[in-house]
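Close look at the chain arrangement
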Amino acid sequence: MASNIVVPLLINGEEVTHSSTYDVKSPLTNTSCWAATSASPDDALAAVSAAQAVFPSWSATKPNVRIAILLKAAAIMEANMEEYAGYLTMEMGANVEAAYSFVLPLAIDMCRNIAGRILGICGSVPVVQKEGQSAMVLREPYGVCFGIVPWNAPYVFGIRSAATAIATGNTTVLKGSELTPRCYWAIGKAFAEAGLPAGVLNIISCRPEDAPQVVNAIIEHAAVRKINFTGSASTGRKIGRVCGENLKPCLMELGGKNAAIVCEDADLNKAAEECIAGAFLNAGQICMSTDRILVHEAILPGLLEAMKTQLAASATSKDLPNVVSSASKDRLSALIADALSHGAEIISGVDTQPDTPGTSFVPTILSKVSPSSTLHAQEAFGPLVAISTFATEDQAVDMVNWTEYGLHAAVFTQDLRRGLRIAKRLQVGACHINSMTVHDEPALPMGGVKSSGWGRFNGEEGLEDFLIRRVVTWDD
């Protein structure tokens, strides 16, 4: 990759660069792979103005126009998968398998699924009480939507935010993570090549220190009517405060402290395989990743043996997963050190991460994590998982529900009725019986409860979050 590349902003169909830039550091080498243009508040307001200007014409387009553009954008992404996967690998250190088999295919499927739902956007004609009067309920776009999206699966988050807004007749500004600006630029490029009119989709990124000013300028703009955010609960709280002060509705998909419950009747090989995948896929850097494995005390030795067998079988290369930055590697190392100092034990992995190039990290499984350690309550967001035991079903449910988060969970049992019973008691947005906590697909609403956010992406519910309802009545 050429180091003299400067990733531009995309504003009103134009690629914008200027002297204010920042270096994008690759986790693979811990050195700069390219630079990116850093948006200023003026750039942000220009993007909003472009989206506002084109909204009247875009919102009036027929469904077949939007469908054709979304399907063509998906085809362009599919045809350029090698190029796009290269950006993902370079910017966040993702391995090729994760890029090709998980992130990009899911983003492409989402784009096509959203396109297929456009014809279903229609109002209703309820029967009103007064004689001689009729009414209809319209489902219409908000106007300018603002999406704030993270680095850990940029194509997925960019597509579900931008494509849903576009499909429902909104225009949008997308603020991508400063860690993966070229991935987000690639999304804009795909839509532009697909024929999306200038200004409908605008993409910016900026230095972290400039983000509060840039984000606040957009949220406070009168033309911006709806915000969606994917990221950490701590940042979500800050954005929520600004949205509240400006009376702007906000869809939020935040973090989780996701648990997998392994009952005494579980298929141990299946549970081991799914728990390992859920904990370590994409280097554990997924909001749905398995943070905690809760095992019935009677089967702990058997599950540990099955997990060690699975890990040995999957160790086909010496390549370690890369986390997104040196800061992330240091944070995860500190979590392990703190847990060990409070009595935790290592089941798999090492107590001190090796001094390897870049940000590679040895996947680690801990047991006996004390409630007094930071890892007990804090989302790990890396290839790090803790195992605990329980004696009763009630105890397992309580262990899942005590946390402030409520995103995903899993239950492993060969009794479906038991699995459903437990699932209904868990305070989470989704529970997966006999499969890993990581499960995101276009047909299923995605989101959490409690500090994991509110509102939903994906499916019919996802489109509903980007539409308002207006009532019209008249005398017959």
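Basis of the calculations
- Residues numbered from 1 in each chain as written.
- Predicted model: local features only at pLDDT ≥ 70, side-chain atom pairs only at ≥ 80, totals over all residues.
- Heavy atoms only, no water.
- UniProt positions renumbered as here; feature names shortened; annotations may be inferred.
- Helix = DSSP H or I, 4+ residues; strand = E, 2+ residues; numbered from the N terminus.
- Buried < 20%, exposed > 50% of the residue type's maximum accessible area, 1.4 Å probe, protein only.
- Lys, Arg positive; Asp, Glu negative; His and termini not counted.
- Salt bridge = Lys/Arg side-chain N within 4 Å of Asp/Glu carboxyl O.
- Contact = heavy atoms within 4.5 Å.
- Patch = residues over 30% accessible without salt bridge, like charges linked within 9 Å, V, L, I, M, F, W, Y side chains within 5 Å.
- Areas by Shrake-Rupley, 256 points an atom, 1.4 Å probe, with all protein chains shown as cover.
- Pairing = 2+ DSSP bridges.
- Right-handed = clockwise from strand over helix to strand, strands pointing away.
- Expected span 1.5 Å × (residues − 1).
- Arc of directions from axis to C-beta.
- Axes fitted to C-alpha atoms, helices over the stretch in contact; angles between N-to-C directions.
- Polar contact = N/O pair within 3.5 Å; in protein donor to acceptor, adjacent residues only side chain to side chain.
- Core = buried A, V, L, I, M, F, W, Y, C linked by side-chain atoms within 4.5 Å.
- Domains from an automatic or database assignment.
- Buried area = accessible area lost by both parts, 1.4 Å probe.

An unreviewed UniProt entry lists the protein chain under the name Aldehyde dehydrogenase family protein, with Pleomassaria siparia CBS 279.74 as the source organism. Its UniProt record gives the protein chain the following Sequence similarities (unreviewed entry) comment, quoted word for word: "Belongs to the aldehyde dehydrogenase family."

Position of K175 relative to the elements: it lies in strand β8 (residues 171-175). No salt bridge is formed by the buried K175; its nearest oppositely charged neighbour, E178, is found at 4.6 Å. Once residues within four sequence positions are removed from consideration, K175 is found in contact with F146, G147, I148, V149, I204, C206, A211 and V215.

A surface patch of nonpolar side chains, amounting to about 290 Å² of accessible area, comprises V125, M136 and W474. Following the sequence through the fold, M136 ends up in strand β6 (residues 133-141).

For the structure on display, the rule yields 20 salt bridges. Note that R139 is salt-bridged to E464, the shortest N-O span being 2.3 Å. In this pair, R139 is assigned in strand β6 and E464 in helix α14 (residues 459-464), connecting sequence segments 325 residues apart. Taking the shortest distance from any N to any O, the salt bridge between R237 and E404 comes out at 2.8 Å. Highlighted residues: R237 in helix α8 (residues 233-245) and E404 in the loop between α12 (393-401) and β17 (408-412), separated in sequence by 167 residues. Bridged by salt links that share partners, the residues E264, D265, E393, D394, R418, R421 and R425 form one connected network.

Time to look at the pairing of strand β18 (residues 430-433). Only one face of β18 is covered, namely the one carrying A430 and H432; the face carrying C431 and I433 has none of its residues buried. Looking at chain direction, β17 and β18 are connected through four bridges and run parallel. In the sheet register, V411 faces β18, and the bridge partner there is I433. A crossover connection joins β17 to the parallel β18 through helix α13 (residues 416-425); in handedness this β-α-β unit is right-handed.

Below, the discussion takes up helix α11 (residues 326-341). Between its first and last C-alpha, α11 extends 22 Å over 16 residues, near the 22 Å set by a 1.5 Å rise per residue. Residues of α11 that are buried include every one of S328, K329, L332, L335, I336 and A339, and no others. Axial view of α11: buried residues confined to an arc of 120°, hence all on one face. Opposite its buried face, α11 presents the exposed residues A327, D330 and S341, each directed more than 90 degrees away.

Judged from the six bridges that link them, strand β4 (residues 21-26) and strand β5 (residues 31-37) form a sheet pairing that is antiparallel. Within β5, the residue paired with Y22 across the bridge is A36. In textbook terms, the turn of a hairpin is the stretch between consecutive antiparallel strands, and for β4 and β5 this stretch comprises four residues, one of which, N30, has a positive phi near 60°.

Judged by pairing direction, the sheet is mixed, and its seven strands sit side by side in the order β14-β15-β16-β13-β12-β17-β18 without closing on themselves. Across the chains shown, the open sheet's two edge strands, defined by having one partner strand only, are β14 (345-348) and β18. Each strand of the sheet is rotated relative to its neighbour by a mean of 25°, with strand direction disregarded. In terms of strand pairing, strand β12 (residues 258-262) meets β17 through four bridges, oriented parallel.

In this section: the UniProt feature "active site" (unreviewed entry) in the protein chain. The feature "active site" (unreviewed entry), as given by UniProt, occupies E253 in the numbering adopted here. Structurally, E253 is set in strand β11 (residues 250-253). Setting aside residues no more than four positions away along its own chain, E253 makes contact with F157, R160, F229, T230, G231, C287, L407, M446, G447, S452 and F457. Looking at E253, its side chain comes within polar contact range of the side chain of R160, at 2.6 Å.

Attention now moves to the nonpolar core. Residues L70, M77, Y84, Y155, I159 and F191 are the most contacted members of the largest nonpolar core, which totals 75 residues. No other element matches helix α4 (residues 96-117), which puts eleven residues into this core. Counting only domains with at least three residues in this core, you end up with domain 1 (6-254) and domain 2 (259-433). When neighbours within four sequence positions are excluded, Y155 is seen to be in contact with M77, Y84, Y87, L88, V103, L104, A107, C183, A186 and I187. By size, the runner-up hydrophobic cluster in this structure holds 30 residues, among which are A39, I204, I219 and A233.

Where the parts come together, the accessible area they lose is often given as the size of the interface. According to the domain assignment, the protein chain contains domain 1 (6-254) and domain 2 (259-433). Its C-alpha centre places domain 1 at a distance of 32 Å from the equivalent point of domain 2. Taken together, the contact between domain 1 and domain 2 spans 16 residues of the former and 15 residues of the latter. The contact between domain 1 and domain 2 buries some 1300 Å² in all, and 58% of this surface belongs to carbon and sulfur atoms. Taken together, the connections running from domain 1 to domain 2 amount to one salt bridge. One can count five residue pairs in polar contact (both at pLDDT 80 or more) joining domain 1 with domain 2.

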